[in-house]
Number of protein chains: 2
Amino acid sequence: MAGDKFVLHYLTESRALRIVWLLEELELDFLLKVYNRVGGVLAPKELLDVFPTGMSPVLQIFKEGETEPLTLAESGHIIQYVIRHYDPQGKLTPSSDAEKEKVDYFLHFAEGSLQPHLVSLLVGDVASLRAPWPANYLVRGIVGKINSEYYVKRLKTNLQFLDDILAKKGGGFFVGDKLTGADIILEFPVGQNIFSNEQRARNLGLDVPPSEAWPHLYEWSKLVAGQPLRKKAVATEKANL
Amino acid sequence: MAGDKFVLHYLTESRALRIVWLLEELELDFLLKVYNRVGGVLAPKELLDVFPTGMSPVLQIFKEGETEPLTLAESGHIIQYVIRHYDPQGKLTPSSDAEKEKVDYFLHFAEGSLQPHLVSLLVGDVASLRAPWPANYLVRGIVGKINSEYYVKRLKTNLQFLDDILAKKGGGFFVGDKLTGADIILEFPVGQNIFSNEQRARNLGLDVPPSEAWPHLYEWSKLVAGQPLRKKAVATEKANL
């Protein structure tokens, strides 16, 4: 285990920074392999060779004494696996079973319930931008109606749900009193997408800035953005891009 | 544990049958509580009182000797939790750690990568149907373009990925040689959505029927549909609707 090596396959403009952060937190020996999107969209063939759906991040673990690497995909699964096997000091692992289950819940929630709405908003934005004038107005109107009736509504419900959890807890991290996989997985959909994305915030059609709509989430987003090893992960990312 | 009681909160027209099936497989003592959608769409207030986002399924476990139930959401998380805690004979649990990890992967993949595209196709269908004539033609055209350039493309990649896994395995179940949580979670997006939904199959724009496009997945869908306790789950569902 001490000699295990990690290769993180990282597609640009994806959600993969979280796994860089995870590996930095656990002081694991990793190599970041960056792939640029073909035409700004598709995964290149080299990434498809690693994992056939072109998903990113993909984490390969070269275990000491084994010839074939273990190839992991799905951010929630990667975070769960790595913390379960490579956190001997319990740095990111809550001490109680009930809290461990809560982390597992958020690993599923973030990717299964929260992120899909964000992806659909992004797909709609791209469709509106790509349509030629004057069709773009029409596309924007239709996409806007689908967004407001479905994706934005669900997204706001989920953000309110998260804000309420933190309010009830009295702030801080999502589970217990320390950083866990829950914070790491939620950082991208909440921190990056809601509080650091002005276009997205406008699309939500709020009367107030997101920081006022969901004040506990906003405080949390500053707390996680300020974690020293998240800052190190951002620096590692920049140095490799 | 032997005296633990389960209440499955079940919203009509959702993916909740899978959890009925799971509970039937493990012979757990459960009550199915059915909620009808308000106006055919929204979760009713009674379900919001159980879980604030109006998600379904929600599983409550009333543990013997405890006053508060444990409330679980997210199908992947529910399946993982229930199998981990209520499968003492290992009926749905693979014997090796590597196979257990594979099941965990599929629990994340099904809801995080596969299902969102299906939801987006459904949302687009609903938007097209609801738009008044003649705008509905326009909406259908725009939605169709977004689908073909994004959601359908990703969906086909994921279905091909699953078909290739089964082909390499020589058919049968997804992990090992018996039914696991992987089959239970994949049954809805693959079996119900692709092979039992003619509208969806047409939207995929295939040259051949889905059963010819993904023959291994099709064989698998028949295998899981024929599981005796899945049939029992369907009967339980019907009796409660």
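Residues numbered from 1 in each chain as written. Chains lettered and ligands numbered in written order. Predicted model: local features only at pLDDT ≥ 70, side-chain atom pairs only at ≥ 80, totals over all residues. Heavy atoms only, no water.

- An unreviewed UniProt entry annotates chain A as Glutathione S-transferase of Candidozyma pseudohaemuli.
- The UniProt entry for chain A carries this comment under Sequence similarities (unreviewed entry): "Belongs to the GST superfamily." (UniProt positions renumbered as here; feature names shortened; annotations may be inferred.)

### Notes on the interface of chain A and chain B
Point 1. The interface is formed by 36 residues belonging to chain A together with 36 residues belonging to chain B.
Point 2. Buried area between chain A and chain B, summed over both chains or domains, comes out near 3300 Å², and the portion from carbon and sulfur atoms is 65%.
Point 3. Contact with chain B buries area across many residues of chain A, yet Glu 74, Glu 101 and His 108 of chain A alone supply 19% of it, more than any other trio.
Point 4. Between the two partners, chain A and chain B, sit four salt bridges.
Point 5. Of the charged contacts, one joins Asp 104 of chain A and Arg 84 of chain B as a salt bridge, the two residues approaching to 3.5 Å between their closest N and O atoms.
Point 6. Linking chain A with chain B are eleven residue pairs in polar contact (both at pLDDT 80 or more).
Point 7. When contributions to the side of chain A that touches chain B are tallied by element, the ones reaching two or more residues are helix H3 (75-86), helix H4 (97-130) and helix H5 (135-169) of chain A.
Point 8. The biggest single contributor to the side of chain A that touches chain B is H4 of chain A, with 14 residues.
Point 9. For the side of chain A that touches chain B, the per-class residue count stands at 20 nonpolar, eleven polar and five charged. (Contact = heavy atoms within 4.5 Å. Buried area = accessible area lost by both parts, 1.4 Å probe. Salt bridge = Lys/Arg side-chain N within 4 Å of Asp/Glu carboxyl O. Polar contact = N/O pair within 3.5 Å; in protein donor to acceptor, adjacent residues only side chain to side chain. Helix = DSSP H or I, 4+ residues; strand = E, 2+ residues; numbered from the N terminus. Nonpolar A, V, L, I, M, F, W, Y, C, P; charged D, E, K, R; others polar.)

### Examining helix H9 (residues 215-225) of chain A
Residues and elements named next belong to chain A.
Point 1. All of the buried residues along H9 are Leu 217, Trp 220, Ser 221 and Val 224. End-on view of H9: buried residues confined to an arc of 105 degrees, all on one side of the axis.
Point 2. Where H9 is buried, its residues touch helix H1 (17-25), H5, helix H6 (181-195) and helix H10 (228-240). (Buried < 20%, exposed > 50% of the residue type's maximum accessible area, 1.4 Å probe, protein only. Arc of directions from axis to C-beta.)

### Side note on the UniProt feature "domain: GST C-terminal" (unreviewed entry) in chain A
Point 1. When the UniProt feature table is mapped onto this chain numbering, "domain: GST C-terminal" (unreviewed entry) sits at residues 96-241 of chain A.
Point 2. For residues 96-241 of chain A, helix accounts for 81% and strand for 0%, while the C-alpha atoms at its two ends are 39 Å apart.

### Notes on unusual backbone geometry
Point 1. The residue after Ser 56 of chain A, namely Pro 57 of chain A, is reached through a cis peptide bond having omega 0 degrees.
Point 2. By secondary structure assignment, the location of Pro 57 of chain A is in the loop between helix H2 (45-50) and strand E3 (58-62).
Point 3. Here the phi dihedral of Glu 27 of chain A falls at roughly 55 degrees; this positive angle occurs in a residue that is not glycine.
Point 4. Position of Glu 27 of chain A relative to the elements: it lies in the loop between H1 and strand E2 (30-35).
Point 5. Positioned with a positive phi, Glu 74 of chain B is a non-glycine residue whose angle comes to about 75 degrees.

### Focus on the packing of H4 of chain A against helix H4 (residues 97-130) of chain B
Point 1. Taken N-terminus to C-terminus, the directions of H4 of chain A and H4 of chain B make an angle of 25 degrees; their axes are 9 Å apart at the nearest point. When the axis of H4 of chain A is compared with that of H4 of chain B, the two are roughly parallel. For the pair H4 of chain A and H4 of chain B, the sense of crossing is right-handed. Contacts between H4 of chain A and H4 of chain B pair Leu 107, His 108, Glu 111, Gly 112, Pro 116 and Ser 120 of chain A from the former with Leu 107, His 108, Glu 111, Gly 112, Pro 116 and Ser 120 of chain B from the latter.
Point 2. Class assignment of the residues belonging to the contact of H4 of chain A with H4 of chain B gives a composition of four nonpolar, six polar and two charged. (Axes fitted to C-alpha atoms, helices over the stretch in contact; angles between N-to-C directions. Parallel < 35°, antiparallel > 145°, perpendicular 65-115°, else oblique. Left-handed = near helix turned anticlockwise from the far one by under 90°.)

### Quick notes on the sheet that holds strand E4 (residues 70-73) of chain A
Residue and element names in this part refer to chain A.
Point 1. Overall, mixed pairing links the four strands, which are arranged E2-E1-E3-E4 in an open sheet. The sheet terminates laterally at E2 and E4, the two strands that pair on one side only. Going across the sheet, the axis of each strand differs from the next one's by a mean of 20 degrees, ignoring polarity.
Point 2. In this fold H3 packs onto strand E1 (5-11), E3 and E4, with an angle of close to 130 degrees to the strand it touches most, E4. (Pairing = 2+ DSSP bridges.)

### Focus on the environment of Trp 220 of chain B
Residues and elements named next belong to chain B.
Point 1. Within the element layout of this structure, Trp 220 appears in helix H9 (residues 215-225).
Point 2. We classify Trp 220 as buried; its relative accessible area is 1%.
Point 3. For the pair Trp 220 and Glu 187, spaced 33 residues apart in sequence, the C-alpha to C-alpha distance is 9.2 Å.
Point 4. Each residue touching Trp 220, except ones within four places of it in the same chain, is listed here: Leu 166, Gly 172, Phe 173, Phe 174, Asp 183, Leu 186, Glu 187, Val 190 and Gly 191.

### Comments concerning the relation of the copies chain A and chain B
The pair of chain copies shares a relation made of a rotation about an axis and a shift along it.
Point 1. Laying chain A over chain B is done by rotating through 180 degrees and shifting 0.0 Å along the axis; what remains is an RMSD of 0.0 Å. Both copies are brought into coincidence by an operation consistent with a two-fold rotation axis. Residues of chain A ranked by C-alpha distance from the rotation axis are headed by Gly 112 of chain A, positioned 2.2 Å from it.
Point 2. Taken together, the interface assignments show that 100% of the residues at the interface of chain A recur at the interface of chain B, consistent with an identical surface on both copies. (Least-squares fit on C-alpha atoms with pLDDT ≥ 70 in both.)

### Describing the pairing of E1 of chain A
Residue and element names in this part refer to chain A.
Point 1. In terms of residue burial, E1 counts as a mostly covered element, since six of its seven residues are buried.
Point 2. Of the strand pairs in this sheet, E1 and E3 are connected by five bridges, and their pairing is antiparallel. Counterpart to Phe 6 in the pairing with E3 is Ile 61.

### A short note on the environment of Val 7 of chain A
Residues and elements named next belong to chain A.
Point 1. Relative to the assigned elements, Val 7 resides in strand E1.
Point 2. Assessed through its relative accessible area of 13%, Val 7 is described here as buried.
Point 3. Residues Val 7 and Thr 71, 64 residues apart in the sequence, show an inter-C-alpha distance of 9.5 Å.
Point 4. Residues in contact with Val 7, not counting those within four places in the same chain, are Leu 31, Lys 33, Val 58, Leu 59, Gln 60 and Phe 62.

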